[in-house]
Amino acid sequence: MATATKARSDIKDSKLAPQGKKRIHWADRDMPVLARIRERFEKEKPLQGVRLSGCLHVTAETANLARTLKAGGADVVLVASNPLSTQDDVAASLVQDFGVAVFAVREENNDTYYRHIVAALEHEPQVTMDDGADLVSAMIFIALDRLDDVHAQVRAWAQKLPPAERQRLIAQVVGSMEETTTGVNRLRAMERDGVLKFPVIAVNDAQTKHFFDNRYGTGQSTLDGIIRATNLLLAGRKIVVCGYGWCGKGVALRARGLGARVIVTEVDPIRALEAAMDGLDVMPLAEAAPVGDIFITVTGNSGIIRREHFTEMKDGAVVCNSGHFDVEIELPALKEEAAEINAGVRSHVDEYKLKSGRRIYVLGQGRLVNLAAAEGHPPSVMDMSFATQALTTEYCVKNKGKLAAKVHEVPREVEEYVSRHKLASMGIEIDQLTVEQKRYMSGWEQGT
Ligand code: ADE
C-alpha cells in the first residue's frame with residue numbers, strides 16, 4: 001500500500017520527510033478538536049473505502065486533516081490548491097510517514113498545477129474538498145463537455161474519457177466541501193446557472209470557520225507574511241486594506257494593533273460604515289494610492305490595484321494580496337509601467353522600478369502572501385475549519401443520496417460540536433439557560 005501511494009505521488013523530495021513530520025506533529029499539538037475526531041474516526045471508520053480527493057493548501061494543518069480522513073477509512077489523494085503554498089517537507093512526510101498520495105510541489109507552474117488536478121480527477125473521487133473550487137469546476141466543465149474552458153492538461157485527460165465516464169465522474173460524488181469564500185461564491189454561481197450536479201457544503205460559511213479562520217487566521221498570517229518578507233516595522237506606517245469582509249477586518253484590526261495607521265477601501269456602503277465606526281479611515285483607492293506605505297488586497301474580486309494606482313504610489317510602496325486568487329493586483333499593468341524589474345531582491349519580494357524612478361515592491365508574486373511568505377493560518381484556527389471539514393464529510397457520507405444538488409449550510413450540530421470542544425480545549429466553561437430563561441425566550445406574553 002505504502003509503495004503504491006509513493007508511486008502515485010509527485011512531491012519535491014522525499015528526503016524532506018523527517019522535517020515535515022516534526023512540523024505536522026507541532027501543528028497537531030494545537031489542533032485538539034481535530035485530534036478528538038481522529039480518535040473516534042480510528043474506531044468507527046465512518047469513511048471506510050471512500051475515495052476522497054482534496055485540492056487544498058498542502059500545509060502541516062492540512063496534513064492533520066488528511067490523517068484524520070485516512071483514520072476514518074478514506075482513500076485520500078491530496079493536490080495543491082495554489083502553486084506557491086505547498087510545504088514540500090510536509091508533502092514528503094505525508095507520503096513517507098502517513099501513506100497519503102500527494103501531488104504538490106512548491107512553485108509548480110500552471111501545467112504542473114493542472115497535471116496534479118488531473119491526478120485528483122483520476123482518483124474518481126466520491127468526496128471532494130476544495131479551497132477555491134478549482135477541482136469541482138474542472139469536474140463540472142468536463143461533465144458539460146466544455147473542454148475549451150479547462151486547462152490543456154485537464155482537456156487532454158478528459159478527451160480520452162468516453163462520454164458516459166465523464167458523467168460518472170460527477171454522478172458518483174456524494175458530497176463536496178468548500179473551504180473558502182471565493183470557492184463558495186463560484187459554487188453559488190454554478191447553482192444559480194443550474195450546473196451544480198452534486199451536494200456541496202459551504203464549510204467557509206460556518207460561523208466556527210469564518211469568524212475565526214478568516215478574521216484571526218488571515219489577519220495574523222497576512223501580517224506575518226509581510227513582516228517575514230520585508231522585515232518592515234508596521235508601527236506608524238500607513239497600511240491600506242482593500243476590502244472589509246471577514247478577512248479584511250482581521251487584517252485591518254491586527255495592523256492597527258501593531259501601531260499602523262489603517263486606511264480601508266470598500267465598495268459596500270455597510271462595510272465601509274463599519275470600518276469608519278471601527279475608527280479606521282475610509283476613502284477611495286485613488287485617494288489612498290499616493291499616501292499608503294503598504295497595500296493589502298483582500299476583496300475576493302479582481303482588478304483592485306490597477307495601473308492608475310501604481311503610477312500614483314510613493315517610492316518604496318509595498319503591495320501584496322491575501323485574497324484567494326492572484327487577480328487582485330494587476331501585475332501585467334505594473335510590468336508594462338516598469339522600466340526595470342528586479343526579481344527576488346529578498347525572498348518573496350520583487351522590485352518594479354517605474355519609468356518615474358519610483359520603486360514598488362510586490363510580495364509573493366501577488367499570490368496569497370500569508371501562505372507564500374509565511375505558513376498560512378496557525379493550527380489553532382485551522383483546527384476548527386478542518387474539524388468542520390471532517391465532520392461535514394462524515395455527514396455527506398452518512399446521507400449519501402439524500403442531499404439535494406445545491407450549496408448547503410454546515411449543519412447546526414457540527415457548529416455546536418466544534419465550538420463546544422474548542423472551548424473545552426481552552427479550559428473555558430459557559431453558563432446554561434435556566435428553565436425560566438428558556439421559557440422567556442420562546443414566549444411572547446411577557447412585555448412591559
Ligand atoms: N488556508 C490558510 N491557511 C491555511 C493553512 N495553514 N493550512 C491550510 N489551508 C490554509
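Residues numbered from 1 in each chain as written. Predicted model: local features only at pLDDT ≥ 70, side-chain atom pairs only at ≥ 80, totals over all residues. Heavy atoms only, no water.

**Concerning the sheet that holds strand β10 (residues 294-297)**
- Taken in spatial order, the eight strands make up an open sheet running β9-β8-β7-β10-β11-β14-β13-β12, and their pairing is mixed. Looking at the sheet topology across the chains shown, the edges are occupied by β9 (281-282) and β12 (338-346).
- The pairing of strand β7 (residues 238-242) with β10 spans four bridges and is classified as parallel. Bridge pairing in β10 places Val-240 opposite Phe-295. (Pairing = 2+ DSSP bridges. Helix = DSSP H or I, 4+ residues; strand = E, 2+ residues; numbered from the N terminus.)

**Looking at the domain arrangement of the protein chain**
- Entries for the protein chain in the domain assignment read domain 1 (14-205 + 377-425) and domain 2 (218-367).
- With 14 residues of domain 1 at the contact, the number on the domain 2 side is 10 residues.
- When the area that domain 1 buries against domain 2 is broken down by residue, the three leading residues are Leu-84, Thr-182 and His-377, summing to 45%.
- Inspection of the region where domain 1 meets domain 2 yields zero salt bridges. (Domains from an automatic or database assignment. Contact = heavy atoms within 4.5 Å. Buried area = accessible area lost by both parts, 1.4 Å probe. Salt bridge = Lys/Arg side-chain N within 4 Å of Asp/Glu carboxyl O.)

**Overview of the pairing of strand β14 (residues 359-363)**
- β14 sits mainly inside the fold: four of its five residues count as buried.
- Two elements, strand β13 (residues 349-354) and β14, share five bridges in a ladder whose sense is antiparallel. Within β14, the residue paired with Glu-351 across the bridge is Tyr-361.
- If you look at the hairpin formed by β13 and β14, you'll find four residues sitting between the two strands, and Gly-357 has a positive phi there, around 95°. (Buried < 20%, exposed > 50% of the residue type's maximum accessible area, 1.4 Å probe, protein only.)

**Comments concerning the pattern of salt bridges**
- Scanning the entire structure with this criterion turns up 29 salt bridges.
- Here Arg-168 ties to Glu-124 by a salt bridge, and the two come within 3.5 Å at their closest N and O atoms. Of this pair, Arg-168 sits in helix α9 (residues 163-171) while Glu-124 is found in the loop between α6 (110-122) and β4 (127-130), placing the two residues 44 residues apart along the sequence.
- Residue Glu-124 is classed as partly exposed on the basis of its relative accessible area of 26%.
- The salt bridge involving Glu-266 is made with Arg-271; its shortest N-O contact spans 4.0 Å.

**Focus on the site of the ligand**
- Close contacts around the ligand come from His-57, Thr-59, Glu-61, Thr-62, Leu-371, Glu-375, Gly-376, His-377, Met-382 and Phe-386, and that covers them all.
- At 2.8 Å, a side-chain N or O of Glu-61 approaches a nitrogen atom of the ligand.
- His-377 has a polar backbone atom sitting 2.8 Å from a nitrogen atom of the ligand.
- Every element with two or more residues in the shell around the ligand is listed here: α4 (60-71) and α18 (379-398). (Near = heavy atom within 4 Å. Polar contact = N/O pair within 3.5 Å; in protein donor to acceptor, adjacent residues only side chain to side chain.)

**With respect to the packing of aromatic side chains**
- Counted under the stated rule, the structure contains four aromatic pairs.
- When the centroid spacing of 4.9 Å and the interplanar angle of 40° are considered together, the rings of Phe-211 and Trp-246 count as tilted. Here Phe-211 is found in helix α11 (residues 207-230), whereas its partner Trp-246 is found in helix α12 (residues 246-257), with 35 residues between them in sequence.
- Clustering of aromatic rings is evident, with ring pairs tying together Phe-211, Phe-212, Tyr-216 and Trp-246.
- Sitting over the ring of Trp-26, Arg-29 keeps its end group 4.3 Å from the ring centre. (Phe/Tyr/Trp six-rings, centres within 6.5 Å; stacked < 30°, edge-to-face > 60°. Lys NZ or Arg CZ within 6 Å of the ring centre and 35° of its normal.)

**Some thoughts on the nonpolar core**
- Residues Leu-65, Leu-69, Leu-94, Val-100 and Val-102 are the most contacted members of the largest nonpolar core, which totals 53 residues.
- Among the elements that take part in this core, α18 stands out by supplying nine residues, more than any other.
- Judged by nonpolar contacts, the second largest core, of 38 residues, contains Ile-117, Ala-143, Ile-170 and Val-184. (Core = buried A, V, L, I, M, F, W, Y, C linked by side-chain atoms within 4.5 Å.)

**Some details on the packing of helix α2 (residues 17-28) against helix α5 (residues 88-98)**
- Following both chains from N to C, one finds α2 and α5 inclined at 95°, their axes separated by 7 Å at the closest point. Accordingly, the angle class assigned to the pair α2 and α5 is roughly perpendicular. Contacts between α2 and α5 involve Ala-17, Gln-19, Gly-20, Lys-21, Arg-23, Ile-24 and His-25 from the former and Asp-89, Val-90, Ala-92, Ser-93, Leu-94, Gln-96, Asp-97 and Phe-98 from the latter. (Axes fitted to C-alpha atoms, helices over the stretch in contact; angles between N-to-C directions. Parallel < 35°, antiparallel > 145°, perpendicular 65-115°, else oblique.)

**A word on the side chain of Asn-321**
- Within the secondary structure, Asn-321 sits in strand β11 (residues 317-321).
- Within the local environment of Asn-321, its side chain forms a polar contact with the side chain of Thr-297, the two groups lying 2.8 Å apart.
- In this structure the side chain of Asn-321 is engaged in a polar contact, spanning 3.1 Å, whose partner is the backbone oxygen of Gly-366.
- Residue contacts for Asn-321: discarding those within four places in its chain leaves Thr-297, Asp-326, Glu-328, Ile-329, Gly-366, Arg-367, Leu-368 and Val-369.

**Focus on helix α10 (residues 181-192)**
- For α10, spanning 12 residues, the distance from its first C-alpha to its last is 16 Å, which sits close to the expected 16 Å at 1.5 Å a residue.
- Every buried residue of α10 is listed here: Thr-182, Gly-183, Val-184, Leu-187 and Met-190.
- Taken together, the buried residues of α10 touch α7 (134-143), β5 (175-178), β6 (200-202) and β15 (407-408).
- Where α10 terminates, the next one or two residues include Gly-194, which has phi positive at roughly 70°. (Expected span 1.5 Å × (residues − 1).)

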